[in-house]
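Spelled out, the chains give:
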Amino acid sequence: MSDVSHRSVLLEESVQALAIDPNGIYVDGTFGRGGHARAILARLGSVGRLLAIDRDPDAIAAARSLAVADPRLTVVQSRFGDLTGAVREAGVSGGVAGILLDLGVSSPQLDTPARGFSFNAEGPLDMRMDPGHGESAAAWLARAEVAEIAAVLYEFGEERFGARIARAIVAARAASPLLTTRALADLVVRVVPTREPGKHPATRTFQALRIQVNDELGELTRVLGQACDLLAAVGRLVVISFHSLEDRIVKRFMRDEARGPRFPKGLPITAAESCGRLRLVGKPTRAGAVEVAGNPRARSAILRVAERLP
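A brief structural summary. Note that the coordinates shown come from a computational prediction; the quantities given were computed from them, not determined experimentally.

What counts and what doesn't
Residues numbered from 1 in each chain as written. Predicted model: local features only at pLDDT ≥ 70, side-chain atom pairs only at ≥ 80, totals over all residues. Heavy atoms only, no water. Helix = DSSP H or I, 4+ residues; strand = E, 2+ residues; numbered from the N terminus. Rg over C-alpha atoms; globule rule 2.2 N^0.38 Å. Buried < 20%, exposed > 50% of the residue type's maximum accessible area, 1.4 Å probe, protein only. Contact = heavy atoms within 4.5 Å. Areas by Shrake-Rupley, 256 points an atom, 1.4 Å probe, with all protein chains shown as cover. Lys, Arg positive; Asp, Glu negative; His and termini not counted. Charge placed at Lys NZ, Arg CZ, Asp CG, Glu CD. Axes fitted to C-alpha atoms, helices over the stretch in contact; angles between N-to-C directions. Parallel < 35°, antiparallel > 145°, perpendicular 65-115°, else oblique. Left-handed = near helix turned anticlockwise from the far one by under 90°. Nonpolar A, V, L, I, M, F, W, Y, C, P; charged D, E, K, R; others polar. Core = buried A, V, L, I, M, F, W, Y, C linked by side-chain atoms within 4.5 Å. Phe/Tyr/Trp six-rings, centres within 6.5 Å; stacked < 30°, edge-to-face > 60°. Lys NZ or Arg CZ within 6 Å of the ring centre and 35° of its normal.

This part takes up the overall build of the protein chain. Tallying secondary structure elements over the protein chain gives 14 helices and eight strands in all. The C-alpha atoms of the protein chain give a radius of gyration of 21 Å, which matches the 19 Å a tight globule of 310 residues would have. For the protein chain, the spread of C-alpha atoms along the three principal axes comes to 60 × 60 × 40 Å. Put simply, the protein chain has 310 residues, and 53% of those count as buried. Taking as baseline every contact in the protein chain between residues at least 6 positions apart, the subset at least 24 positions apart corresponds to 67%. With the model as given, the accessible surface of the protein chain reaches about 14,300 Å², and the carbon-plus-sulfur share is 54%. Across the protein chain, 40 positive and 35 negative side-chain charges occur, with their mean positions spaced 5 Å apart.

Their axes nearest at 10 Å, the elements helix 11 (residues 216–230) and helix 12 (residues 244–259) cross at an angle of 25 degrees. When the axis of helix 11 is compared with that of helix 12, the two are roughly parallel. With respect to the hand of their crossing, helix 11 and helix 12 are arranged in right-handed fashion. Note on element contacts: helix 12 touches helix 11 through L245, E246, I249, V250, F253 and E257, opposite E216, L217, L220, T221, L224, G225 and C228. Grouping the amino acids of the contact of helix 11 with helix 12 by side-chain chemistry returns eight nonpolar, two polar and three charged.

Below, the discussion takes up the nonpolar core. One finds I165 and L184 to be the most contacted residues of the largest nonpolar core, which totals 36 residues. Taken together, the elements giving at least two residues each to this core come down to helix 6 (137–143), helix 7 (146–157), helix 8 (162–175), helix 9 (181–191) and helix 10 (203–214). Excluding its chain neighbours within four sequence positions, the residues that come into contact with L184 are L125, L141, I169, L178, T205, F206 and L209.

Turning our attention to the packing of aromatic side chains. Following the criterion strictly, the structure yields one aromatic pair and no others. Between F119 and F206, the ring centres sit 5.4 Å apart and the planes meet at 85 degrees, which makes this aromatic pair edge-to-face. Note that F119 is positioned in the loop between helix 5 (107–111) and helix 6 and F206 in helix 10, a separation of 87 residues in sequence. Across this residue pair, the class does not change: F119 and F206 are buried. Between R297 and the ring centre of F242, over which it is positioned, the NZ or CZ distance is 4.2 Å.

Here it is in structure tokens:
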């Protein structure tokens, strides 16, 4: 099972950044439709191994279909925030040679109205990466207070009209529940007084709710520390972010792990104790003009790479 509508962003750059050992063990923490996974498998030898993780059931179905044809691939349905548990479930022993995280929402999720991620099509206001678990966006909006909704819109969507939108949501739900993507998008269009050029007025609201519903920033914070623990010496951590909130977390984590622990002056510590666990590899990479022209989603992507020190 594959999805030709989905184009993996920064595909060659991210796979090259993994510096693949044909005999190594790799983790694709965000399988999606398998673009990165297939590129990794193409570079692995007969004893190399790839663990694919995703919490989206459609992505897992695609991964298991691929695994039938390639025994080097192991599939675990899981949040990547439980990376250690997924690795344990897969029976992976020994250090991991590389971990790839392609963050955010995938094209198939956006393009499937029934998933509720997009304001461009009518569908249930769901937004869950795994529709079988957790609270939908509609359910959360039905119970959250004005201040809580406004805070989420501002913090996760950087929506300057968050308070105005939050008040309108609470007022509207008193008359009728907000159950569909179109109902929410139309409400935002009515409430937001100005529009950013080239952006739908509901873009920031939908982003914020998706991040809230899936705890995306919490998942990212949790996976980064686990990834560092699981990597073998010279193993690579490769992360593709799509908005500033994600990238800020990744950038700070890699910077802090490269810098090492900060001790008060005068403490008797060894050189080893003052060293970080990671080494930054190269500069952040963005998609080129050709890729952006063929795949507009790549415009905001940024790739960061770090290597585990011995």
